[in-house]
Structures are given as C-alpha cells and as structure tokens.
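Summary of the model geometry
Letter by letter, the chains look like this.
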Amino acid sequence: MSQKINIAIVGLGFGAEFIPIYQRHPHANMYAICQRNVEKLNAIGDAFNIDVRYSDYDELLKDPNIDAVHINSPIPNHAEQTLKALRAGKHVACTVPMATSVEDCMEIVKTCKETGKKYMMMETVVYAREFLFVKELYEKGELGKVQFLKASHQQDMDGWPDYWPGLPPMHYATHCVGPVAGLLRLEAEYVSCFGSGTIREELAKIHNSPFAVESAHIKFKDSDLSAYVYRSLFDVARQYRESFEVYGSKKSFEWPLIEGEEAVIHTAKKEEHEIPERVVTPDYAHLLPEEIQAFTTRGVYDVEENTHLSFTQGAGHGGSHPHLAHEFLMALVEDRDPFPNAAQSANWTSVGILAHESAMQGGKIMYLPDFNA
C-alpha cells in the first residue's frame, strides 16, 4: 500500500491540528489548505510549509490534484461544503455534526451513493482512548452482555463566536450519541427527549430554544438496548465533560466525574466494597503508524497563545485526532467504508436534531429515517 492521498484541509482554526498528522502519515500528502482570511491562510501555510493555498473554497474544488477534503468550517457550512466536494469528485472528512437538518443528512448519504465517494464524520469520542479501552473490554468479552449505555456532553459555551450562542443543546449531540451507538454498531430507531430549565432570554430567542439541558432516550433498532444521553451548553454550572459509560452483566465502565481523575470499573459478584476499582485508561498509540503515534498525547499547537479552545477545554479529545486521520486515509487506500460512514454519521447527527424537536414537543417520540435504504 504505497498510495498517497492528496489532502486539502478547509478551515484552519481547529483544522490546523491535523496538518502535521497528515504531513507525517505514510499514506498522505498534505497538499493544500483553505481559509477565507488570507493573512491567517499565509501564516499557517508558511508555518507548515504548504505551498498550495486557497481563500475560495469553490476554487479549491476545481483543483484536480485534490483527492479528499477535510472540512473544519463552522457548523452551518458543513452540509453545503460536503455536498459541493462530493459532487466535485472529492472524498470528504468533516468535523461534527454532519448537518443541521435531517434532509441534508439524507442528501449527503444519497450523494455518496451517486458519486461513489467516501464520507466520514470525524467524531472524536469514538476514537478517544476511553472509548477504545471500553471497546477492547467488550471485544474480549469482559463486559459480558451489554445492558445499558449512557453518555453526556456538558460544556460552558459562553464567549464562543458566531453561531454558538443559544444553540439548542442537542443540535451538537454527536459526542454523546456517537459512543452509545458506536460501541455495538447500533442504529438509532427512535428518540424521545425532554428539556429542562431555561437559559437567558437573550440566548433563548436566537434559536427559539429555551432549555438549559436536553436529555434523551434512544431506542436502537433490532436490539434490546436503549441509551440515555444529556447535553448542556449555557447557564449550567459544570466542568467540561464528555462522558461515556457502559453497563454490562460482568463489568461496567464509568467515566470519572472530574477531569484528571481515574475511571472506574465495577466487577460483578465480588464483595460489595471490592466491586469498584479505579483504572488508568491506556493510550492506544500502538494502533497507529509509528510516524503519528506521538499525536495521541500532545497537540499540534505547542505555543500557548495558539492553542485552540476546543482542544484545551476538550482535554485534547482523548488522543483521537491521529486515529481519525488514520481511519479516513486507510478507508481510501483500502477502498472500504470508514467508521463512521455516511449512513452512520447521518443516523448519529439526526438523533440530536430530532431529539431537540422532541423536547420542543414535550418528549414526543421521533422516528429516524432509514439511511441505509
């Protein structure tokens, strides 16, 4: 497998985190960057020695040398930019969420089928070391029968720019939907969600979304399992937490309550005081090519003033960035679907979109479309 994929990164805030990963990956050529702000475009291009630079996304898509685009633009642009890239014959990796409407999710899945191009939503949690640890326990049979899954994403978004103020909590839900669906590769069938509390009026009126917290139950298709997820963005006192918990018949895994503490494994049929045990979650750099293993434990920005807020507040996303880039590249090299693929990404994203609709209607059950049809 000597093939090298020409990658273009679109959006150079959080997106710049991935530049040196692609530069070092044995199957990637970090070919081009795109940013509307020309000054920033040139500063990043100079810092990372990237010659091909675009300030216009449409111009970038005309470049025949580009095999794939990695989109890191603001949420409202994801669907439009993804569809343009697919129709221009490019494979797409896109930061979360896939889109802001179920219709756009469906359109992206349909366009992938029509064009034969690959799509991967770059969901960090399903490549975080905590998730990989639980996945390993599950695959070894140590959890026993999985009985229940739970996840949360709580974050104080005050002071974030542009489209963030007042955003409905479940419109940015993939960090907690992804792991509960992804562990057993389950497909959400329907969702019911309740809103709780209220945010400040000046925030609530932006999206006509009043709730401080939205909590949802997800029922999975062709499974006896359901999951519980909850989200908050404003006016809730809580340290940043993206948590994922799984309860099995033999062992269960619980995320630490406070950043920096150790996770807990509960083992059935022990003496009561021996059931819980704190565990250090191992790193999974060994799953990656040697050239990019270092990126599971450090960010790209080594200068303090350049550190992106999503990385510092998000605790480095559990070392997931090199795993995401590696999965996308290998899917292209091996001509297979990445995980998550377009249909899975659409399912996870639509859970959040429909959960918010459910909350606005007092918990009404909302069915998801079949994206695999």
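Our subject is the structure that appears above.
Residues numbered from 1 in each chain as written. Predicted model: local features only at pLDDT ≥ 70, side-chain atom pairs only at ≥ 80, totals over all residues. Heavy atoms only, no water.

**Brief notes about the packing of helix α4 (residues 78-87) against helix α5 (residues 102-115)**
Rules: Every axis in this analysis is a line fitted to C-alpha atoms, fitted for helices over the stretch in contact. Angles between the N-to-C directions lie between 0 and 180 degrees. Only DSSP runs of H or I reaching four residues or more are called helices, and only runs of E reaching two or more are called strands; each is numbered from the N terminus. The scheme is simple: roughly parallel for angles under 35 degrees, roughly antiparallel for over 145, roughly perpendicular for 65 to 115, oblique for anything else. Pairs of residues are marked as contacts when any of their non-hydrogen atoms sit within 4.5 Å. In this classification, Asp, Glu, Lys and Arg are treated as charged, Ala, Val, Leu, Ile, Met, Phe, Trp, Tyr, Cys and Pro as nonpolar, and every other residue, Gly included, as polar.
Viewed as axis vectors pointing N to C, α4 and α5 meet at an angle of 10°, and their least axial separation amounts to 10 Å. By the angle class used here, α4 and α5 are roughly parallel. Where α4 approaches α5, its residues Ala-79, Thr-82, Leu-83, Leu-86 and Arg-87 are matched on the opposing element by Asp-104, Glu-107, Ile-108, Thr-111, Cys-112 and Thr-115. Looking at the contact of α4 with α5 residue by residue, the classes come out as 5 nonpolar, 3 polar and 3 charged.

**A short note on the environment of Glu-259**
With respect to the element layout, Glu-259 can be found in the loop between β12 (251-254) and β13 (263-267). As a C-alpha pair, Glu-259 and Gln-239 span 20 residues in sequence and 7.9 Å in three-dimensional space.

**As for the packing of aromatic side chains**
Note on aromatic pairs: each is described by the distance of the centres and the angle between the planes. Going by this rule: Aromatic rings from Phe, Tyr and Trp, with only the six-membered ring used for Trp, were paired whenever their centres fell within 6.5 Å, and each pair was classed as stacked if the ring planes differed by under 30 degrees, edge-to-face if by over 60, and tilted otherwise. Each residue is assigned to one of three classes by its accessible area relative to the maximum for its type, calculated with a 1.4 Å probe on protein chains only: buried under 20%, partly exposed between the two thresholds, exposed over 50%. Our definition puts a charge over a ring when NZ of Lys or CZ of Arg is within 6 Å of the ring centre and also within 35 degrees of the ring normal.
Going through the model one piece at a time under the given rule, you end up with 10 aromatic pairs. Where Phe-14 meets Phe-18, the ring centres are 5.6 Å apart and the plane angle is 85°; that geometry is what we call edge-to-face. Here Phe-14 falls in the buried class, since its relative accessible area comes to 13%. The exposure class of Phe-18 is buried, given its relative accessible area of 1%. Ring geometry for Phe-131 and Phe-244: centres 5.5 Å apart, planes at 40°, overall tilted. Residue Phe-131 is found in helix α6 (residues 129-139), and its partner Phe-244 is found in strand β11 (residues 241-248); the two are separated by 113 residues along the sequence. Each of the two residues, Phe-131 as well as Phe-244, counts as buried. When the ring centre of Phe-339 is taken as reference, the NZ or CZ atom of Arg-185 above it lies at 3.6 Å.

**Thoughts on the sheet that holds strand β9 (residues 213-220)**
Quick note on the threshold: What makes two strands pair is DSSP finding at least two bridges between them.
The mixed open sheet is built from 9 strands, whose spatial order is β14-β13-β12-β11-β7-β10-β9-β8-β15. Both outer strands of the open sheet, β14 (276-279) and β15 (366-367), are each paired with one neighbouring strand and no more. With respect to the sheet, helix α7 (residues 174-182) is in contact with β7 (146-154), β9, β10 (226-232) and β11, its orientation differing from that of β7 by roughly 165°.

**Considerations on the nonpolar core**
Condition: Here the nonpolar core consists of buried residues drawn from Ala, Val, Leu, Ile, Met, Phe, Trp, Tyr and Cys, with membership extended through side-chain atoms lying within 4.5 Å.
Among the nonpolar cores identified, the biggest contains 120 residues, and Ile-19, Tyr-22, Leu-60, Val-69, Leu-149 and Phe-220 are the most heavily contacted of them. At 9 residues, the largest contribution of residues to this core is made by helix α11 (residues 342-360). Non-local contacts of Tyr-22, meaning those with residues more than four positions away in its chain, are made with Ile-7, Ile-9, Ala-28, Met-30, His-70, Met-122, Ala-325, Phe-328 and Leu-329.

**Describing the environment of Leu-132**
Turning to its location among the elements, Leu-132 is positioned in helix α6. In the structure, Leu-132 is positioned 40 residues away from Val-92 in sequence and 24 Å away in space, judged by C-alpha atoms. Apart from the residues lying within four places of it in its own chain, the contact partners of Leu-132 are Val-126, Tyr-127, Tyr-284, Leu-287 and His-323.

**Quick notes on the side chain of Ser-320**
One can find Ser-320 in the loop between α9 (309-313) and α10 (321-333). The class for Ser-320 is buried, based on a relative accessible area of 0%. Once residues within four sequence positions are removed from consideration, Ser-320 is found in contact with Thr-124, Tyr-127 and Ala-128.

**What to know about the packing of α5 against α11**
Put simply, α5 and α11 touch, their axes get as near as 9 Å, and they point 175° apart. Judged by the angle between their axes, α5 and α11 are roughly antiparallel. In this structure, α5 uses Val-102, Cys-105, Val-109 and Cys-112 to contact α11, whose residues at the interface are Ala-342, Ala-343, Ala-346, Thr-349, Ser-350, Ile-353 and Leu-354. Partitioned by chemical class, the residues of the contact of α5 with α11 number 9 nonpolar, 2 polar and no charged.

**So, the sheet that holds strand β1 (residues 5-10)**
The parallel open sheet is built from 6 strands, whose spatial order is β3-β2-β1-β4-β5-β6. Both edges of this open sheet fall to β3 (52-54) and β6 (119-121), since each of them pairs with a single strand only. Between one strand and the next, the sheet's axes are offset by a mean angle of 20°, whatever the strand orientation. Pairing analysis gives 6 bridges linking β1 to strand β2 (residues 28-34), with the strands arranged parallel. Among the inter-strand pairings, Ile-7 is bridged to a residue of β2, identified as Met-30.

**Examining the pattern of salt bridges**
Short version of the rule: Just to be clear on terms, a salt bridge is a Lys or Arg side-chain nitrogen sitting within 4 Å of an Asp or Glu carboxyl oxygen.
Overall, the coordinates contain 21 salt bridges when judged by the stated rule. Salt-bridge contacts for Glu-136 lead to Lys-140; the nearest nitrogen and oxygen are separated by 3.9 Å. Using a relative accessible area of 29% as the deciding quantity, one classes Glu-136 as partly exposed. For Lys-140, a relative accessible area of 56% corresponds to the exposed category.

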